[in-house]
Every structure is written in C-alpha cells, then in structure tokens.
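# Survey of secondary and tertiary structure
Okay, here's what each chain looks like letter by letter:
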Amino acid sequence: MFKRGRVNGLPYFRVMYTIPFFSMARQHQKINRELGEAFAKIVKNGWFILGEQGVLFEKEFAQYQKTKYCIAVGNGHDALFISLKALGIGLGDEVIVPSHTCQATWLAVINTGAKLVPVEVESSTFNIDPGRIENSITKKTKAIVPVHLYGHPCTMDKIMTLAKRFNLYVVEDNAQAQGAFYKSRMTGSWGHCNATSFYPTKILGALGDGGAIMTSDRKIAEFAMAFRNYGSEKKDVHALLGINSRLDEVQASVLRIKLKRLSIWNENRRKNANLYFEHLKNVGDIQVPPSGNMNEKPVFHQFVIQTKSRDKLKKQLERKGIETAIHYPTPVHLQKAYQYLGYKKGSLPIAEKLSQNVLSLPIWLGLEAKEIEKVCKEIRKFYSGKAGIYS
Ligand SMILES: Cc1ncc(COP(=O)(O)O)c(C=O)c1O
C-alpha cells in the first residue's frame, strides 16, 4: 500500500490506494490513440493558441450546451471573472454567492471589486437555498451566482424568476455539472452568462487548465472574446484592458475528443451513483446525496455522503486502501485569506456543519461495479461495528 523511492536523491513516500479517489487512466485508455493523433497534428500545424481546434471546440461546446456562443478561456476562475466583467459588475456592486462552494467562486467575485454576499445552502442538496436569496437582495445587488455543486442542479426556475423580479443578472457556476439538467434544460445555459471549468478532475477534464463561458448574448460574447485576449478585438486593436486567459490548442483538441463521449460517460457516472444508492441504503447515520427526480437530473461530479463519523470513516477506508476526499474541509469564510470579510465561526452554520460532515467517495470514470461494491462493503462493516471503531 505504500511506495518509497528516491527522485534525484530525494526520498519520496506515496500511499498507493487499491481504489484511488481519482484516476484518469481508464478513461484515457479508450482514447489514447486519438489523443496521440491529435497532438501530432497540432505539432505539424505549428499553431498552438487560438487556432482551429479552439474554434471548433467552442462551436461544439455551444451546440452541446444549446447556447449561441461559447468562449473558451484559461480556467474556470477566469470564466466566472470574465462573465461578471462582461455584465459590467465591479466596485460598488453586490453579488450573491452560496456559502458552501469551491473558493474560486468567491474569489472571482472579489477580483471584480464587487462585494460578496454569501447566502446559505440547503444541506440536503448542497446548493444555494432559493428561499433565502430575497432577504439578501439590496439596491446594490447586481447578480446571483448559483453553483451546481457536486453536479447537482440548482432550482434554476426559482432563481431566474427572482432575478427577473429584481432586475438581476444570473451567472451559473457550472464547473462541476457539465451535462446536468434542470427541467429538461442543461445547467450552464440558464443564466445570462455562464462559466465552467475543464480542470482535469472535472466531468469534462482537460490535461491541464481550461474553462469556458457560455451565453446567447452577442454583446457579452464579443466582450469575453476580446477580454480573454488582452482586450484585443482584432490583431493589434485594443479597445479595452483585458487579461491573458486563452485555451491552447492541445487542451481544445483533448476536450473535443472527450466531448463526443460525454453523454455516454455521464450515463456511466449515473449508473455508478445508482450502485452507491443501492448499497448505502439505511447504513449508519449516512445521508446520501439527492438522487434526482423529474426536474433534477444530476451528473454526480462527486458522490458526497454526510455522516457525523466522517473523520473516523475516512481513516478506516484509508486503512482498507480506499481513498476519499473532503469538499471542502474549511468553509471559504473561515479561510485566512477571506478573514478580512469579517465572518467568524458561527456566521454561516450550514456551510460550517457541511465542512465537518461531508465525505466524497470515488466515482471517477471507469470505476467498476465491483470496486464500488467494495467501498460500500467496507462502509457497512464500519457501521456494523465489525471494524470496531464506529462511535
Ligand atoms: C465550483 C467551482 N467553481 C470554480 C472553479 C474554478 O475552476 P478552475 O480551477 O478551473 O479555475 C472550480 C474548480 O476548481 C469549482 O469547482
């Protein structure tokens, strides 16, 4: 289970899990040849940034999302940041975000200069509680950023209705939910301008950083296209001060190859989630994530359970060679970098409780039924007391 070795004379120590939390190996086995051919073509063409592959990927991803435009950028943070900038959000504005999310959601808002207004999530769905949003709207509120956390869709119809009533923009953070649906419409296509990430562990993962903006508004698309490239509308013309956030040709070609298979891969993910639901019924105090219904079709970027014995269970699974993860062990408002916002322990109790109770089980592409059954068997053993440590 452990691997020791030396690299350039320096010792290293790595835990080798029988079931790692994440692996791309089996996913890539199936597309290795195609990847190799695509890379060779890029090297031969000699064009590496904002080229043919990027343009084709943008077209194909917009078709997939059913939005008019897709603008590929360097990462998910920048996709959010540029979306907010495109909507004119900045100093003096307020933006509503969920209390429980990846810190990048908060950081993108802060980087625009706008004031961040966190709203608590529903602990059952992990997503922003639409019933709590209205109380946080002020005259300065400009936008709501719902995050489809762990691949579970937010209640988008309620959020869009609220936004319309108060004349607000909606920017979906779809970094974890490519392929999820809310009421037969894909997440990432509801808001005025939406953002996603292609970080390798994401549902549609590149071999490095990547992200995209999805919108059906031509003006927003044109702004984003220029802003990501130093504010350049066309070569040597800079009408605005932008940033450098471009998707390279290698990542675009990887994403094109994977996008063709995404719907099938997502169905496999859902099948694996169903196995977890089946095998984790009435086990200990475990609360499983929402499985979806007529209106909500999640995509299970993570399979996140809640339990009071989280830390002990995690340790026991590790002993059995099963790696798990915690998303997220410290809520954003209690991270040192965000202390200046003035939130204290107890400010956002739901987010704080989730950070203590959530545990993400392995659900990567290519994980086999017998491996999921093994994870569940060890979990059941833990709660039955056979592992001797459940309290
Ligand atoms: C919900 C959410 N938003 C934003 C991001 C930022 O994406 P990236 O890491 O590509 O900048 C991530 C990924 O880490 C995320 O999970």
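Being a predicted model, the structure only gives us computed values, none of them experimental.

Time to look at the site of the ligand. Taken together, 13 residues lie near the ligand, and G76, D173, Q176, S197 and K202 sit nearest. For the ligand, a nitrogen atom lies 2.7 Å from a polar atom in the side chain of D173. Contact between the ligand and K202: an oxygen atom at 3.2 Å from a side-chain N or O atom of the residue. A total of 390 Å² of accessible area belongs to the ligand in isolation, and the protein chains cover 88% of it. For the shell around the ligand, the secondary structure elements donating two or more residues are α4 (76-86) and α5 (103-112). Looking at the shell around the ligand residue by residue, the class counts come to 4 nonpolar, 7 polar and 2 charged.

Let us now look at the sheet that holds strand β9 (residues 185-186). With respect to topology, 3 strands assemble into an open sheet ordered β9-β8-β14, the strand pairing being antiparallel. Looking at which strands have only one partner, the edges of the open sheet turn out to be β9 and β14 (296-297). Pairing of strand β8 (residues 181-182) with β14 involves 2 bridges; the strand directions are antiparallel. Directly across from F181, in β14, lies its bridge partner K297.

Right, let's get into a nonpolar patch on the surface. On the surface, a cluster of nonpolar side chains totalling about 360 Å² of accessible area is made up of V43, F48, I49 and L50. Given a relative accessible area of 44%, F48 falls into the partly exposed group.

Enumeration according to the criterion identifies 14 aromatic pairs in this entry. Considering the side-chain rings of F61 and Y64, the 5.9 Å spacing of their centres and the 25° angle between planes classify their relative orientation as stacked. Taken as a pair, F61 and Y64 lie in helix α3 (residues 52-65) at a separation of 3 residues, close to a single helical turn. In textbook terms, an aromatic cluster arises when at least three aromatic residues are bridged by ring pairs, as seen for F57, F61, Y64 and F198. Taking the ring centre of W190 as reference, the NZ or CZ of R185 above it sits at 4.9 Å.

So, on to the pattern of salt bridges. Applying the stated criterion across every chain yields a total of 18 salt bridges. With a shortest N-O distance of 2.7 Å, E34 and R261 are connected by a salt bridge. One end of the pair, E34, is in helix α2 (residues 32-45); the other, R261, is in the loop between α9 (249-259) and α10 (262-279), with 227 residues separating them in the sequence. Given the relative accessible area of 22%, R261 is considered partly exposed. E378 serves as the salt-bridge partner of K381, at 3.7 Å between the closest nitrogen and oxygen. Residue K381 and its partner E378 are located together in helix α13 (residues 369-384), separated by 3 residues, close to a single helical turn. Residue classification places K381 among the partly exposed residues on the basis of a relative accessible area of 28%.

With that settled, the discussion passes to the pairing of strand β16 (residues 358-361). Consecutive side chains along a regular strand alternate between the two faces of the sheet. Burial along β16 is two-sided: V358 and S360 facing one way and L359 and L361 facing the other are all buried. Looking at chain direction, strand β15 (residues 303-306) and β16 are connected through 4 bridges and run antiparallel. Its bridge partner being in β16, V304 is matched across the sheet by S360.

Rules behind the numbers
Residues numbered from 1 in each chain as written. Predicted model: local features only at pLDDT ≥ 70, side-chain atom pairs only at ≥ 80, totals over all residues. Heavy atoms only, no water. Near = heavy atom within 4 Å. Polar contact = N/O pair within 3.5 Å; in protein donor to acceptor, adjacent residues only side chain to side chain. Areas by Shrake-Rupley, 256 points an atom, 1.4 Å probe, with all protein chains shown as cover. Helix = DSSP H or I, 4+ residues; strand = E, 2+ residues; numbered from the N terminus. Nonpolar A, V, L, I, M, F, W, Y, C, P; charged D, E, K, R; others polar. Pairing = 2+ DSSP bridges. Patch = residues over 30% accessible without salt bridge, like charges linked within 9 Å, V, L, I, M, F, W, Y side chains within 5 Å. Salt bridge = Lys/Arg side-chain N within 4 Å of Asp/Glu carboxyl O. Buried < 20%, exposed > 50% of the residue type's maximum accessible area, 1.4 Å probe, protein only. Phe/Tyr/Trp six-rings, centres within 6.5 Å; stacked < 30°, edge-to-face > 60°. Lys NZ or Arg CZ within 6 Å of the ring centre and 35° of its normal.

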